[in-house]
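What the coordinates show
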Amino acid sequence: MTAENQVVLITGASRGLGMHLALGFARPGYRVAVHYGSRSGEAEEVAASVRRQGGEALPFTADLSEPAQAEEMVHRILDIWGGIHILINNAAIIRDAPAVSMPEKDWDAVMDLDLSGPFHAMRAVSGPMRDQGGGEIINMVSIAGVRGSAGQANYAAAKAALIGLTKSAAREWGPFNIRVNAVCPGFMETDMTRSVPEQVRSLALEQSCLSGFCDTGDLVRFIRALVTMRTVTGQVFHLDSRII
């Protein structure tokens, strides 16, 4: 897949990892749909940065926990650019608490955005991707969904389910040349992880074979390479120096 007029939809792209991913596609030939939930100013700044670096970009808002809003956002992108070739499901939140005392609203909030959100976005783009002859979907998952994480039952459960969704969608949509993969980065410095307790950060360092956090630049470069691979689907790629 070349970058010629490729439309890339990145959810949760107004800051953090999503911002880095958007800037990773800031080059001629890419059209970047910068999704955001409520941070319109930050999303416009990201879009402007992409444009300054040679790509096309526009911000698009949607509450991805609502399937109708995901559909509406996809239709807006199609009306402007005529297709969606790459979807990167990055939007996520954390609401940490011990499972026994986790408020129901925190369980629901994480499940709604971290699991239902990707599902709604995937389903919304699947038709256009099928009609255009294929596409690439990348779901950002987490080591928490593979190993579990004390105090993060909601987040770990959502990410584990997202891995299952990735593999199931790859089987269903492979005949339409829609490739679906998951990328599992290690602990990295983002807006979301800065709120994680220090003991969690220390443990992540201890478990790293290279005694360091995952590099955002490495992650972006890997994803840029992954979207060019025509025969890879249903895989979970671990970009971490921890041994699982």
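It should be noted that the structure appears before, not after, this text.
All of these numbers come straight from a predicted model, not from anything done at the bench.

The rules behind these values
- Residues numbered from 1 in each chain as written.
- Predicted model: local features only at pLDDT ≥ 70, side-chain atom pairs only at ≥ 80, totals over all residues.
- Heavy atoms only, no water.
- Axes fitted to C-alpha atoms, helices over the stretch in contact; angles between N-to-C directions.
- Helix = DSSP H or I, 4+ residues; strand = E, 2+ residues; numbered from the N terminus.
- Parallel < 35°, antiparallel > 145°, perpendicular 65-115°, else oblique.
- Left-handed = near helix turned anticlockwise from the far one by under 90°.
- Contact = heavy atoms within 4.5 Å.
- Nonpolar A, V, L, I, M, F, W, Y, C, P; charged D, E, K, R; others polar.
- Phe/Tyr/Trp six-rings, centres within 6.5 Å; stacked < 30°, edge-to-face > 60°.
- Lys NZ or Arg CZ within 6 Å of the ring centre and 35° of its normal.
- Salt bridge = Lys/Arg side-chain N within 4 Å of Asp/Glu carboxyl O.
- Buried < 20%, exposed > 50% of the residue type's maximum accessible area, 1.4 Å probe, protein only.
- Core = buried A, V, L, I, M, F, W, Y, C linked by side-chain atoms within 4.5 Å.
- Pairing = 2+ DSSP bridges.

**Quick notes on the packing of helix α1 (residues 16-24) against helix α8 (residues 216-226)**
Following both chains from N to C, one finds α1 and α8 inclined at 50°, their axes separated by 10 Å at the closest point. Regarding the angle of α1 to α8, the classification is oblique. Taken as a pair, α1 and α8 cross one another with a handedness that is right-handed. Counted together, L17, H20, L21 and G24 of α1 and T216, L219, V220, I223 and R224 of α8 form the full contact between these two elements. Its residues assigned to classes, the contact of α1 with α8 shows five nonpolar, three polar and one charged.

**Thoughts on the packing of aromatic side chains**
Taken as a whole, this structure holds three aromatic pairs when the rule is applied. The ring centre of F176 lies 5.9 Å from the NZ or CZ of R130, which sits over that ring.

**Remarks on the environment of F213**
Counting through the fold element by element, F213 comes out in the loop between α7 (198-207) and α8. Sequence separation between F213 and G186 is 27 residues; the distance between their C-alpha atoms is 6.7 Å.

**Description of the pattern of salt bridges**
Scanning all chains against the criterion turns up nine salt bridges. For the salt bridge of E72 with R76, the shortest nitrogen-to-oxygen distance reads 3.6 Å. Of this pair, E72 and R76 both sit in helix α3 (residues 67-81), four residues apart, roughly one helical turn. Using a relative accessible area of 28% as the deciding quantity, one classes R76 as partly exposed. Salt-bridge contacts for R179 lead to E136; the nearest nitrogen and oxygen are separated by 3.0 Å. Here R179 is found in strand β6 (residues 178-185), whereas its partner E136 is found in strand β5 (residues 135-140), with 43 residues between them in sequence. Taken together, the salt bridges that share partners define one network made up of D215, D218 and R221.

**Thoughts on the nonpolar core**
I77 and I137 are the most contacted members of the largest nonpolar core, which totals 33 residues. Every element with two or more residues in this core is listed here: β1 (6-10), α3, α4 (104-132), α6 (153-173) and β6. Ignoring anything within four residues of it in the chain, the contact list for I137 reads L87, N89, M122, V125, M129, W173, I178, R179, V180 and N181. Formed by 28 residues, the second largest nonpolar core is a distinct cluster that contains L21, Y36, V50 and I223.

**With respect to α1**
Those residues of α1 that sit buried are G16, L17, G18, L21, A22 and G24. Contacts from the buried residues of α1 go to β1, β2 (30-36), α2 (40-52), β4 (86-89), β5 and α8.

**Quick word on the sheet that holds β6**
Ordered in space as β3-β2-β1-β4-β5-β6-β7, the seven strands form an open sheet in which the pairing is parallel. Single-partner strands in this sheet number two, and they are β3 (56-61) and β7 (236-239). Each neighbouring strand pair of the sheet contributes to a mean axis angle of 20°, computed without reference to strand direction. The strands that α4 touches are β1, β4, β5 and β6; relative to β4, the one it contacts most, it runs at about 175°. On top of the sheet, α6 reaches β5, β6 and β7; it is set at about 160° to β6, its chief contact.

**A look at the environment of A161**
Mapping A161 onto the fold places it in helix α6. Residue A161 is classed as partly exposed on the basis of its relative accessible area, which comes to 30%.

**Notes on the packing of α1 against α2**
As a packed pair, α1 and α2 sit with axes 9 Å apart at the nearest point and diverge in direction by 25°. In terms of their interaxial angle, α1 and α2 are classed as roughly parallel. Crossing angle aside, the handedness with which α1 passes α2 is right-handed. Contacts between α1 and α2 involve M19, A22 and L23 from the former and V46, S49 and V50 from the latter. Across the contact of α1 with α2, the residue classes tally to five nonpolar, one polar and no charged.

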